[in-house]
Amino acid sequence: MAPPPLLLLLLLLVLSFTACNGFPFHHQMYNHHGGHPRPRPRPAPHSYREALTKCILFFEGQRSGKLPSSQRMTWRRDSGLSDGADAHVDLVGGYYDAGDNVKFGFPMAFTATMLSWSVIEFGGLMKGELENAREAVRWATDYLLKATAHPDTIYVQVGDANRDHSCWERPEDMDTPRSVFKVDKNNPGTEVAAETAAALAAASLVFRRIDRSYSKLLVNRAIRVFEFADKYRGSYSDVLKSVVCPFYCSYSGYQDELLWGAAWLHRATRNSMYLSYIERNGQILGADEDDYTFGWDNKHVGARILLSKAFLVQRMQGLHDYKNHADNFICSLIPGAPYSQAKYTPGGLLFKMSDGNLQYVTSTSFLLLTYAKYLKSANTVVNCGGIPVTALKLRTIAKKQVDYILGSNPLRMSYMVGYGPKYPEKIHHRGSSLPSMSAHPDKIQCSTGFSFMNSHSPNPNVLVGAIVGGPDENDRFPDQRSDYEQSEPATYINAPLVGALAYLAHSFS
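Reading the values: rules and limits
Residues numbered from 1 in each chain as written. Predicted model: local features only at pLDDT ≥ 70, side-chain atom pairs only at ≥ 80, totals over all residues. Heavy atoms only, no water. Disulfide = S-S within 2.5 Å. Helix = DSSP H or I, 4+ residues; strand = E, 2+ residues; numbered from the N terminus. Buried < 20%, exposed > 50% of the residue type's maximum accessible area, 1.4 Å probe, protein only. Pairing = 2+ DSSP bridges. 1 Å grid on protein atoms, 1.4 Å probe; cavity = no way out; pocket = protein on both sides within 12 Å on 5 of 7 lines; lining within 4 Å. Points joined across faces, edges and corners; volume = space filled by probe spheres on them. Nonpolar A, V, L, I, M, F, W, Y, C, P; charged D, E, K, R; others polar.

Attention now goes to the state of the cysteines. Under the definition given, this model contains 3 disulfides. In this model, C167 is linked to C446 through a disulfide, with the two sulfur atoms separated by 2.0 Å. What sets the handedness of the C167 and C446 disulfide is the S-S torsion sign, and at about -90° it is left-handed. Residue C167 is located in the loop between α5 (161-165) and β5 (180-184), and its partner C446 is located in the loop between α16 (430-433) and α17 (450-453); the two are separated by 279 residues in the primary sequence. With a relative accessible area of 6%, C167 lands in the buried category. With relative accessibility at 21%, the residue C446 sits in the partly exposed group. Shown here is the disulfide that connects C245 with C249, its sulfur atoms set 1.8 Å apart. For the pair C245 and C249, one class covers both residues: buried. The disulfide pattern of the protein chain is 1-6, 2-3, 4-5 when the bonded cysteines are numbered in sequence order.

If you want it as structure tokens, here you go:
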């Protein structure tokens, strides 16, 4: 006897629910145009909104100078209040780059550029975090304005890195020399100058609608600094080798920063002079070189993606080649594509190098999502040897990389401090690993601090939102404070992730 229709309907509903929730296969929805199955959207495995909040909060833990009453990372206190005094200039403020107490201008400027680009592309998706992101940008640019206050001079570093690294001290009571280093027309530093110009130009766009006078100050300073960078050419790694090397040597030369700086000035000013500069000098500045690593040292890939927008969205035909070069970068990342070059760990993480690998993961993820946005606007795809790669594919790859960082990996370890149930507890960071000023008001001497550095106990102060260097090529992570390659956070690791998380929080919340 056949079951009653109502009973049959209930049975079908139960089977459908079981297939979706109880078995290891996914229910499929079908595309009415071609009949090909597409996955049903599933809830995000991570709280991208929470991660975004924490990613931005991290920058408050890296602040130098006089902290505002709105400071949320409350275990930090004022520090470096006499910075610049050695040179009779005001260099108070800015960010400590990583786990030490030195202010390196080159990576700080790149951090500011990437924070700004994150806001420019995805600020509209940040909701309540937009103001915090702008404050993170402003903390850097206020300092960069001080560092560029004198024409044809840029103060590029505060602190003697070698002396600083011989101590393990809190920034609040450090007593190592706060030496000041600069570049000028007699001792040029084109890469740090052009990167600073890029940062100021990008930031001018962040504030254009909400603080016109500050935006104008930033862009005018960017124009002046770029002129200095282009006119007086030379590597700061040559004139300041004993100071900046091996910490932030410019290994890629300064050509990439000139292209990058010109690209940002073109976008910020809309002055055709910069477009002409790019078209005239692009090849000399390495526009077509096959380098696919984007970070604080090498900006070629970032410049290509940035300039591709002018071609894809604004139809500037003279920049067509940059679209091709950007496509080559994308194809290098696609597993199985004819021109694929990227290496991935067994757990699926993009792997570039052992020292601070996650900086390349966050920067690449940002570029993927940004280029996907440009492709979508132009209604086009990337062609990788006959294989069409869509904006959706780029977003899928980026999401997988961010998910890995947040805990979807073989160790089930979040590499963002303070996010998820399991995260690095012994990060290579002086302020985080030493007792706070409120817990230990007395000064902790230079060598005394190493007893805390060598301790096996978790850091007493949680540097919420910090992204560490990350796992090795086999997905291993020892969580050892002494292992700076894997356990040290840095501002330029977090900066591009701000934009990526903003997009993911909007799209998968």
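Next comes the rest of the account.
So, about the pairing of strand β4 (residues 153-158). Burial within β4 is extensive, with 6 of its 6 residues counted as buried. In this structure, strand β3 (residues 103-104) lies alongside β4, joined through 2 bridges in antiparallel fashion. What sits directly across from K103, in β4, is V158. Of the pairings in the sheet, the one linking β4 to β5 comprises 5 bridges and is antiparallel in character. Paired with I154 across the bridge in β5 is V183.

Time to look at empty space enclosed by the protein. One way to see where empty space is left: roll a probe the size of a water molecule over the atoms. Per the stated rule, a full pass over the model turns up 3 cavities of 30 Å³ or more. Lining the largest cavity, in full, are G61, Q62, R76, Y96, A98, G99, D100, N101, P171, H429, R430 and G431. Among the residues making up the lining of the largest cavity, the classes are represented as 3 nonpolar, 6 polar and 3 charged. Approximately 40 Å³ is the volume attributed to the second largest cavity. Forming the boundary of the second largest cavity are T148, H150, P151, D152, T153, I154, R224, V225 and F228. Those elements giving two or more residues to the lining of the second largest cavity turn out to be β4 and α7 (212-231). At 3 residues, α7 tops the list of elements feeding residues into the lining of the second largest cavity. Split by residue class, the lining of the second largest cavity holds 4 nonpolar, 3 polar and 2 charged.

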